[in-house]
Amino acid sequence: MSITPIAWVIPLFFAAFAYGTESVTEREFTEKLHFYQSIKSLHSRFKQTKRMKEMGVELTAEGTLTLTPPNALLWEITRPSRLVVHYDGKKMRIESGTGKDVTVQTFGTTALDPGNSNAHGLNTLLAWLRFDAQYLYKQYRITKVNERIYRFEPLHTEGAPFRNITMTLNPAGHVEHLEMEEVSQDTLKIDFATPRVLRGR
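Scoring rules and cut-offs
Residues numbered from 1 in each chain as written. Predicted model: local features only at pLDDT ≥ 70, side-chain atom pairs only at ≥ 80, totals over all residues. Heavy atoms only, no water. Salt bridge = Lys/Arg side-chain N within 4 Å of Asp/Glu carboxyl O. Helix = DSSP H or I, 4+ residues; strand = E, 2+ residues; numbered from the N terminus. Buried < 20%, exposed > 50% of the residue type's maximum accessible area, 1.4 Å probe, protein only. pLDDT = per-residue confidence, 0-100. Contact = heavy atoms within 4.5 Å. Polar contact = N/O pair within 3.5 Å; in protein donor to acceptor, adjacent residues only side chain to side chain.

1. Topic: the pattern of salt bridges
- For the structure on display, the rule yields 15 salt bridges.
- Note that Glu62 is salt-bridged to Arg79, the shortest N-O span being 4.0 Å. Remark: Arg79 occurs in strand 4 (residues 72–79) and Glu62 occurs in strand 3 (residues 57–68); sequence separation between them is 17 residues.
- Here Arg79 falls in the exposed class, since its relative accessible area comes to 56%.
- With a shortest N-O distance of 3.2 Å, Lys144 and Glu147 are connected by a salt bridge.
- Judged by relative accessible area, Lys144 falls into the buried class, the value being 11%.
- Take Glu147: its relative accessible area is 48%, and that puts it in the partly exposed class.

Encoded structure:
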(Lines give C-alpha, C1' and ligand atoms only; values in the text may rest on other atoms or scores of the structure.)
Protein backbone atom coordinates (compact mmCIF):
# COMPACT_ATOMS: atom_id res chain seq x y z
CA MET A 1 0.00 0.00 0.00
CA SER A 2 1.53 3.34 -1.00
CA ILE A 3 1.89 6.32 1.29
CA THR A 4 -0.46 9.20 0.61
CA PRO A 5 1.58 12.09 -0.88
CA ILE A 6 2.70 14.69 1.65
CA ALA A 7 0.89 17.35 -0.37
CA TRP A 8 -2.38 15.70 0.69
CA VAL A 9 -1.34 15.73 4.31
CA ILE A 10 -0.74 19.39 4.66
CA PRO A 11 -3.07 21.63 5.22
CA LEU A 12 -0.88 24.41 4.09
CA PHE A 13 -2.85 25.73 1.17
CA PHE A 14 -4.04 28.25 -1.38
CA ALA A 15 -5.83 30.34 -3.98
CA ALA A 16 -5.16 32.35 -7.09
CA PHE A 17 -8.06 34.72 -6.43
CA ALA A 18 -6.34 36.62 -3.61
CA TYR A 19 -3.40 38.87 -4.41
CA GLY A 20 -1.74 40.74 -1.58
CA THR A 21 -0.27 44.18 -2.20
CA GLU A 22 1.15 45.12 1.22
CA SER A 23 4.29 43.38 2.46
CA VAL A 24 4.19 42.12 6.03
CA THR A 25 7.02 42.49 8.55
CA GLU A 26 8.13 39.58 10.71
CA ARG A 27 6.86 41.36 13.83
CA GLU A 28 3.42 41.95 12.30
CA PHE A 29 3.14 38.36 11.12
CA THR A 30 4.18 37.00 14.52
CA GLU A 31 1.59 39.20 16.19
CA LYS A 32 -1.09 37.94 13.79
CA LEU A 33 -0.42 34.38 14.95
CA HIS A 34 -0.28 35.32 18.65
CA PHE A 35 -3.29 33.04 19.21
CA TYR A 36 -0.91 30.08 19.11
CA GLN A 37 1.49 31.50 21.70
CA SER A 38 1.47 30.41 25.34
CA ILE A 39 -0.85 27.44 24.77
CA LYS A 40 -0.49 24.14 26.57
CA SER A 41 -2.55 22.25 24.01
CA LEU A 42 -4.87 22.79 21.05
CA HIS A 43 -7.33 20.43 19.40
CA SER A 44 -9.30 21.18 16.24
CA ARG A 45 -11.33 19.31 13.66
CA PHE A 46 -10.67 20.00 9.99
CA LYS A 47 -12.06 19.21 6.56
CA GLN A 48 -9.88 19.26 3.47
CA THR A 49 -10.68 19.18 -0.22
CA LYS A 50 -8.20 18.42 -2.97
CA ARG A 51 -9.22 19.38 -6.51
CA MET A 52 -7.38 17.66 -9.35
CA LYS A 53 -7.81 20.11 -12.20
CA GLU A 54 -7.01 17.97 -15.24
CA MET A 55 -9.19 15.09 -14.03
CA GLY A 56 -12.00 17.31 -12.84
CA VAL A 57 -12.09 15.35 -9.57
CA GLU A 58 -12.49 16.49 -5.97
CA LEU A 59 -11.41 14.37 -3.01
CA THR A 60 -12.54 15.24 0.51
CA ALA A 61 -11.23 14.12 3.88
CA GLU A 62 -11.85 14.89 7.56
CA GLY A 63 -9.73 14.63 10.65
CA THR A 64 -8.24 16.32 13.70
CA LEU A 65 -5.18 18.39 14.58
CA THR A 66 -3.68 18.30 18.08
CA LEU A 67 -0.79 20.57 19.13
CA THR A 68 1.16 20.27 22.36
CA PRO A 69 3.88 22.97 22.39
CA PRO A 70 6.72 23.42 22.09
CA ASN A 71 7.08 20.70 19.48
CA ALA A 72 4.59 17.82 19.65
CA LEU A 73 1.78 17.52 17.12
CA LEU A 74 -0.67 14.95 15.79
CA TRP A 75 -2.37 15.38 12.41
CA GLU A 76 -4.89 12.59 11.85
CA ILE A 77 -7.14 12.03 8.85
CA THR A 78 -10.01 9.79 9.95
CA ARG A 79 -12.23 9.81 6.84
CA PRO A 80 -12.39 8.35 4.24
CA SER A 81 -9.20 6.44 5.16
CA ARG A 82 -6.77 6.68 8.04
CA LEU A 83 -3.57 8.74 7.75
CA VAL A 84 -1.56 9.95 10.76
CA VAL A 85 1.36 12.36 11.00
CA HIS A 86 2.95 12.36 14.45
CA TYR A 87 5.90 14.49 15.58
CA ASP A 88 7.38 14.30 19.08
CA GLY A 89 10.04 16.97 18.76
CA LYS A 90 12.70 14.57 17.51
CA LYS A 91 11.21 12.42 14.80
CA MET A 92 8.26 12.37 12.43
CA ARG A 93 6.16 9.28 11.85
CA ILE A 94 3.68 8.99 8.96
CA GLU A 95 1.28 6.06 9.18
CA SER A 96 -1.47 5.06 6.78
CA GLY A 97 -3.98 2.25 6.62
CA THR A 98 -5.26 -0.05 9.35
CA GLY A 99 -4.65 -3.58 10.54
CA LYS A 100 -2.44 -5.66 8.25
CA ASP A 101 -2.45 -2.87 5.66
CA VAL A 102 -0.65 -0.33 7.86
CA THR A 103 2.33 1.36 6.20
CA VAL A 104 4.78 3.45 8.23
CA GLN A 105 7.48 5.96 7.34
CA THR A 106 9.75 7.43 10.03
CA PHE A 107 11.99 10.46 9.66
CA GLY A 108 14.57 10.92 12.42
CA THR A 109 16.93 13.69 13.50
CA THR A 110 19.15 13.37 10.43
CA ALA A 111 16.25 13.59 7.99
CA LEU A 112 14.98 16.75 9.71
CA ASP A 113 18.39 18.43 10.15
CA PRO A 114 18.33 21.84 8.37
CA GLY A 115 21.77 20.95 7.02
CA ASN A 116 20.22 18.07 5.09
CA SER A 117 19.28 19.20 1.59
CA ASN A 118 16.22 16.93 1.64
CA ALA A 119 14.89 18.25 4.96
CA HIS A 120 13.33 21.45 3.69
CA GLY A 121 9.97 19.95 2.69
CA LEU A 122 9.52 18.08 5.98
CA ASN A 123 10.47 21.08 8.12
CA THR A 124 8.13 23.34 6.15
CA LEU A 125 5.34 20.82 6.65
CA LEU A 126 5.99 20.84 10.40
CA ALA A 127 6.04 24.64 10.47
CA TRP A 128 2.62 24.83 8.82
CA LEU A 129 1.13 22.19 11.09
CA ARG A 130 2.43 24.12 14.13
CA PHE A 131 1.74 27.58 12.65
CA ASP A 132 5.36 28.49 13.36
CA ALA A 133 5.44 32.20 12.46
CA GLN A 134 9.22 32.66 12.61
CA TYR A 135 10.03 29.67 10.39
CA LEU A 136 7.32 30.48 7.86
CA TYR A 137 8.43 34.09 7.59
CA LYS A 138 11.90 32.92 6.53
CA GLN A 139 10.48 30.68 3.79
CA TYR A 140 7.86 32.92 2.16
CA ARG A 141 7.21 36.39 0.85
CA ILE A 142 4.09 37.33 2.81
CA THR A 143 1.63 39.97 1.72
CA LYS A 144 -1.57 41.17 3.35
CA VAL A 145 -4.78 41.06 1.34
CA ASN A 146 -6.78 42.46 4.24
CA GLU A 147 -6.73 42.22 8.04
CA ARG A 148 -7.69 38.53 7.96
CA ILE A 149 -6.26 37.20 4.70
CA TYR A 150 -2.56 36.68 3.95
CA ARG A 151 -0.85 35.35 0.85
CA PHE A 152 2.41 33.35 0.83
CA GLU A 153 4.79 32.90 -2.09
CA PRO A 154 7.93 30.76 -1.68
CA LEU A 155 11.21 32.68 -1.56
CA HIS A 156 12.92 29.70 -3.16
CA THR A 157 10.79 28.30 -5.96
CA GLU A 158 13.07 25.45 -6.99
CA GLY A 159 11.50 22.24 -5.73
CA ALA A 160 8.61 24.11 -4.07
CA PRO A 161 5.38 22.07 -4.50
CA PHE A 162 3.11 25.10 -4.19
CA ARG A 163 2.86 28.25 -6.26
CA ASN A 164 1.18 30.13 -3.45
CA ILE A 165 -0.73 29.70 -0.22
CA THR A 166 -3.54 31.80 1.20
CA MET A 167 -4.32 31.88 4.92
CA THR A 168 -7.55 33.24 6.41
CA LEU A 169 -7.74 34.07 10.10
CA ASN A 170 -10.91 33.88 12.17
CA PRO A 171 -11.77 37.17 13.97
CA ALA A 172 -10.75 35.38 17.19
CA GLY A 173 -7.23 34.96 15.79
CA HIS A 174 -6.96 31.29 14.88
CA VAL A 175 -6.46 29.98 11.34
CA GLU A 176 -9.82 28.99 9.86
CA HIS A 177 -8.89 28.38 6.22
CA LEU A 178 -5.82 27.43 4.18
CA GLU A 179 -5.77 27.13 0.43
CA MET A 180 -2.79 26.05 -1.70
CA GLU A 181 -2.24 26.10 -5.40
CA GLU A 182 0.18 23.43 -6.54
CA VAL A 183 2.60 23.77 -9.45
CA SER A 184 0.29 21.37 -11.32
CA GLN A 185 -2.58 23.84 -10.68
CA ASP A 186 -4.32 21.33 -8.45
CA THR A 187 -5.56 22.93 -5.23
CA LEU A 188 -5.82 21.83 -1.62
CA LYS A 189 -8.22 23.58 0.74
CA ILE A 190 -8.42 23.06 4.50
CA ASP A 191 -11.14 24.42 6.79
CA PHE A 192 -10.56 24.34 10.56
CA ALA A 193 -13.28 24.30 13.19
CA THR A 194 -12.99 26.51 16.28
CA PRO A 195 -10.21 24.89 18.34
CA ARG A 196 -10.35 23.77 21.95
CA VAL A 197 -7.43 25.45 23.67
CA LEU A 198 -5.76 24.99 27.05
CA ARG A 199 -3.49 27.93 27.85
CA GLY A 200 -0.52 28.20 30.18
CA ARG A 201 -0.29 30.58 33.07
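2. So, the confidence of the model for the protein
- In the predicted model, the protein carries a mean pLDDT of 84, and the fraction of residues at 70 or more is 85%.
- This model gives residues 10–20 a pLDDT under 50, and the stretch forms 59 contacts once residues within four places in sequence are excluded.

3. A short note on the side chain of His177
- Topologically, His177 is positioned in strand 11 (residues 175–182).
- Given a relative accessible area of 16%, His177 falls into the buried group.
- Only 3.3 Å separates the side chain of His177 from the side chain of Glu179, close enough to count as a polar contact.
- Contact partners of His177, with chain neighbours within four places excluded, come to Thr166, Met167, Thr168, Lys189, Ile190, Asp191 and Phe192.

4. A few points about unusual backbone geometry
- With an omega of 10°, the peptide bond running from Pro69 to Pro70 counts as cis.
- Considering the arrangement of structural elements, one finds Pro70 in the loop between strand 3 and strand 4.
- Cis geometry marks the peptide bond from Arg79 to Pro80; its omega dihedral reads 0°.
- Position of Pro80 relative to the elements: it lies in the loop between strand 4 and strand 5 (83–87).
- Even without glycine at this site, Ser38 takes up a positive phi of about 55°.
- Counting through the fold element by element, Ser38 comes out in the loop between helix 2 (26–32) and strand 2 (39–52).
- The exposed category is assigned to Ser38, whose relative accessible area is 57%.
- Its identity as a non-glycine residue notwithstanding, Phe131 has a phi of 50°, on the positive side.

5. Some remarks on the environment of Glu62
- Judged by relative accessible area, which is 34%, Glu62 ranks as partly exposed.
- Along the backbone, Glu62 and Ile190 are 128 residues apart, and their C-alpha atoms lie at a distance of 9.4 Å.
- With sequence-adjacent residues up to four places away left out, Glu62 is seen in contact with Phe46, Lys47, Glu76, Ile77, Thr78 and Arg79.

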